[in-house]
Amino acid sequence: FHEWRKLVAEIIGTAILVYFGTASAIAALTITGMNSGAILVIAFGFGFGGAVAIYGAAETSGGHINPAVSFAMFVAAKMTLFQCLFYIGAQLVGAILGSALVKGCFPDNVADSINYGSTSLAAQQAWGTTN
């Protein structure tokens, strides 16, 4: 697989998506808490990040940006298994890079207060109880 530019495009594109999406979640939830405005900001953050990532990588690599898209392209016989595995590897590296950029941009106490924007279950949801 000598087309390394495609892999670099996937790394950068995935990093952009993860950075914009996660950073918007941390910023919105830290500033306003969970409300409809924060949800809108997070949605626009992921949407903008995805649009920028796909637009930037589309001509070079096809702009998959997501392992599910690469797998679908493999299933549709648009790429070989070898190419698919390299794309997925590049996307994983990009996700780690994007997450590292987020961690470096926000103070730990801010990001920790909202669990770095990740979702989690309440005890009632996790155990299936109502009280």
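Before any of the text, the structure's been laid out above.
For clarity, every value in this text was computed on a predicted model and none was experimentally measured. Sequence positions are assigned chain by chain, starting from 1 and proceeding in written order. Per-residue local features are limited, in this predicted model, to residues with pLDDT of at least 70; the limit for side-chain atom pairs, both in listing and counting, is 80 or more; totals at the level of whole chains, interfaces and linings are taken over all residues. Only hydrogens and water are set aside when side-chain values are computed; all heavy atoms of the structure are taken into account.

**A few points about the nonpolar core**
In step 1: Buried Ala, Val, Leu, Ile, Met, Phe, Trp, Tyr and Cys residues form a nonpolar core when they are joined through side-chain atoms within 4.5 Å. Accessible area is worked out with a 1.4 Å probe on protein chains only. A residue is then buried under 20% of its type maximum, exposed over 50%, and partly exposed in between. Counting residues in each nonpolar core, the largest one holds eleven residues, listed as Ala23, Ala25, Ile26, Ala28, Leu29, Ala38, Ile42, Val102, Phe106, Ala111 and Ile114.
In step 2: Those elements that place two or more of their residues in this core are helix 1 (4–32) and helix 2 (36–61).
In step 3: By the criteria applied, helices consist of DSSP H or I runs no shorter than four residues and strands consist of E runs no shorter than two, each listed in order from the N terminus. In terms of residue count, the dominant contributor to this core is helix 1 (five residues).

**Section: the packing of helix 3 (residues 67–75) against helix 4 (residues 81–105)**
In step 1: All axes are obtained by fitting lines to C-alpha atoms, using only the stretch in contact for helices, and the reported angles, taken between N-to-C directions, cover 0 to 180 degrees. At a minimum axis separation of 9 Å, helix 3 and helix 4 run at an interaxial angle of 175 degrees. Our classification of the angle between helix 3 and helix 4 gives roughly antiparallel. Contact residues: Pro67, Ser70, Phe71 and Phe74 in helix 3; Leu81, Cys84, Tyr87, Ile88 and Gln91 in helix 4.
In step 2: For this classification, Asp, Glu, Lys and Arg are treated as charged, while Ala, Val, Leu, Ile, Met, Phe, Trp, Tyr, Cys and Pro are nonpolar and the rest, including Gly, are polar. Here the contact of helix 3 with helix 4 is composed, by residue class, of seven nonpolar, two polar and no charged. When describing relative orientation, an angle under 35 degrees is termed roughly parallel and one over 145 degrees roughly antiparallel, while 65 to 115 degrees is termed roughly perpendicular and anything else oblique. By definition, residues are in contact when any of their heavy atoms lie within 4.5 Å.

**Quick word on the packing of aromatic side chains**
In step 1: Aromatic contacts are taken between Phe, Tyr and Trp rings whose centres are within 6.5 Å, Trp giving its six-membered ring; a plane angle under 30 degrees counts as stacked, one over 60 as edge-to-face, and the others as tilted. The final tally for this structure, using the stated rule, is four aromatic pairs.
In step 2: Ring centres 6.0 Å apart and planes at 80 degrees place the aromatic pair Tyr19 and Phe20 in the edge-to-face group.
In step 3: With a relative accessible area of 26%, Tyr19 lands in the partly exposed category.
In step 4: Ring centres 4.7 Å apart and planes at 65 degrees place the aromatic pair Phe82 and Phe86 in the edge-to-face group. Here the residue Phe82 and the residue Phe86 both occupy positions in helix 4, the gap between them amounting to four residues, near one helical turn.
In step 5: Its relative accessible area of 47% is what places Phe82 among the partly exposed residues.
In step 6: A relative accessible area of 35% means that Phe86 is categorised as partly exposed.
In step 7: Through a chain of ring-to-ring contacts, three or more aromatic side chains come together here, namely Tyr19, Phe20 and Phe48.

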